[in-house]
Amino acid sequence: MAKARKDKPRKPNIFMRIGLYIKQTFNELRKVVTPNGKELFSWSFAVFVFVLVLMALVTAMDFGLGKLVLLVFG
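Worth saying up front: this structure is predicted, and the values here are computed from it rather than measured. (Residues numbered from 1 in each chain as written. Predicted model: local features only at pLDDT ≥ 70, side-chain atom pairs only at ≥ 80, totals over all residues. Heavy atoms only, no water.)

Engineer: Could you clarify how one ought to interpret the overall build of the chain in this entry?
Structural biologist: On a plain count of helices and strands, the chain comes out with 3 helices and 0 strands. The C-alpha atoms of the chain give 27 Å as radius of gyration, which overshoots the globular expectation for 74 residues (11 Å, by more than 25%). Out of the 74 residues in the chain, the part that is buried amounts to 0%. Taken as a whole, the chain presents about 7,800 Å² of accessible surface, with 72% of it coming from carbon and sulfur. Once the 12 positive and 4 negative side-chain charges of the chain are each reduced to a mean point, those two points are 16 Å apart. (Helix = DSSP H or I, 4+ residues; strand = E, 2+ residues; numbered from the N terminus. Rg over C-alpha atoms; globule rule 2.2 N^0.38 Å. Buried < 20%, exposed > 50% of the residue type's maximum accessible area, 1.4 Å probe, protein only. Areas by Shrake-Rupley, 256 points an atom, 1.4 Å probe, with all protein chains shown as cover. Lys, Arg positive; Asp, Glu negative; His and termini not counted. Charge placed at Lys NZ, Arg CZ, Asp CG, Glu CD.)

Engineer: What is the right way to read the UniProt feature "transmembrane region" (unreviewed entry) in the chain from this model?
Structural biologist: Within this numbering scheme, the UniProt entry marks residues 40-61 as carrying the feature "transmembrane region" (unreviewed entry). Secondary structure content for residues 40-61 is 100% helix and 0% strand, while the C-alpha to C-alpha distance between its ends is 32 Å. (UniProt positions renumbered as here; feature names shortened; annotations may be inferred.)

Engineer: Help me understand the pattern of salt bridges, please; the structure alone is not making it clear to me.
Structural biologist: Between side chains of opposite charge, a pair can form as their charged atoms come close. Applying the stated criterion to the full structure yields 1 salt bridge. Between K31 and E28 there is a salt bridge, and its shortest N-O distance comes to 3.2 Å. Judged by its relative accessible area of 58%, K31 is exposed. (Salt bridge = Lys/Arg side-chain N within 4 Å of Asp/Glu carboxyl O.)

Engineer: Explain helix α2 (residues 14-30) to me, please; I cannot follow it from the model alone.
Structural biologist: Along an α-helix, residues three or four positions apart point the same way, because every turn accommodates 3.6 residues. Its 17 residues place the ends of α2 25 Å apart at the C-alpha level, agreeing with the 24 Å of an ideal helix rising 1.5 Å per residue. By the N-cap criterion, in which a side-chain oxygen at the helix start approaches the backbone nitrogen of a residue two or three places on, α2 is capped by N13, the distance to F15 being 3.2 Å. (Expected span 1.5 Å × (residues − 1). Polar contact = N/O pair within 3.5 Å; in protein donor to acceptor, adjacent residues only side chain to side chain.)

Engineer: Got a minute to help me understand helix α3 (residues 37-73) in this structure?
Structural biologist: Compared with the 54 Å implied by 1.5 Å per residue over 37 residues, the 53 Å span of α3 between its first and last C-alpha is a close match. Two or three places before K38, at the opening of α3, N36 has a side-chain oxygen 3.3 Å from that residue's backbone nitrogen.

Engineer: Sorry if this is basic, but what is going on with the environment of R30 here?
Structural biologist: Structurally, R30 is set in helix α2. For the pair R30 and F45, spaced 15 residues apart in the sequence, the C-alpha separation amounts to 27 Å. Reaching out from R30, the side chain makes a polar contact with the side chain of N27 at a distance of 2.7 Å.

Shown next, in the form of structure tokens:
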């Protein structure tokens, strides 16, 4: 049983893990590309249109199911 413990790799201490996390976070942030104005506008417009389509779909389903419930129980 004691031998099984020795074979297991040990985790670094908490401060080393925190330091590694911060280092990896900064490395990932360096990879981020900021969109230019045209890209930002086009993606914002696409999200806005997508939200409007989903709102219309949910509204239509709510209206249709409401009418169906009134027809069945009303």
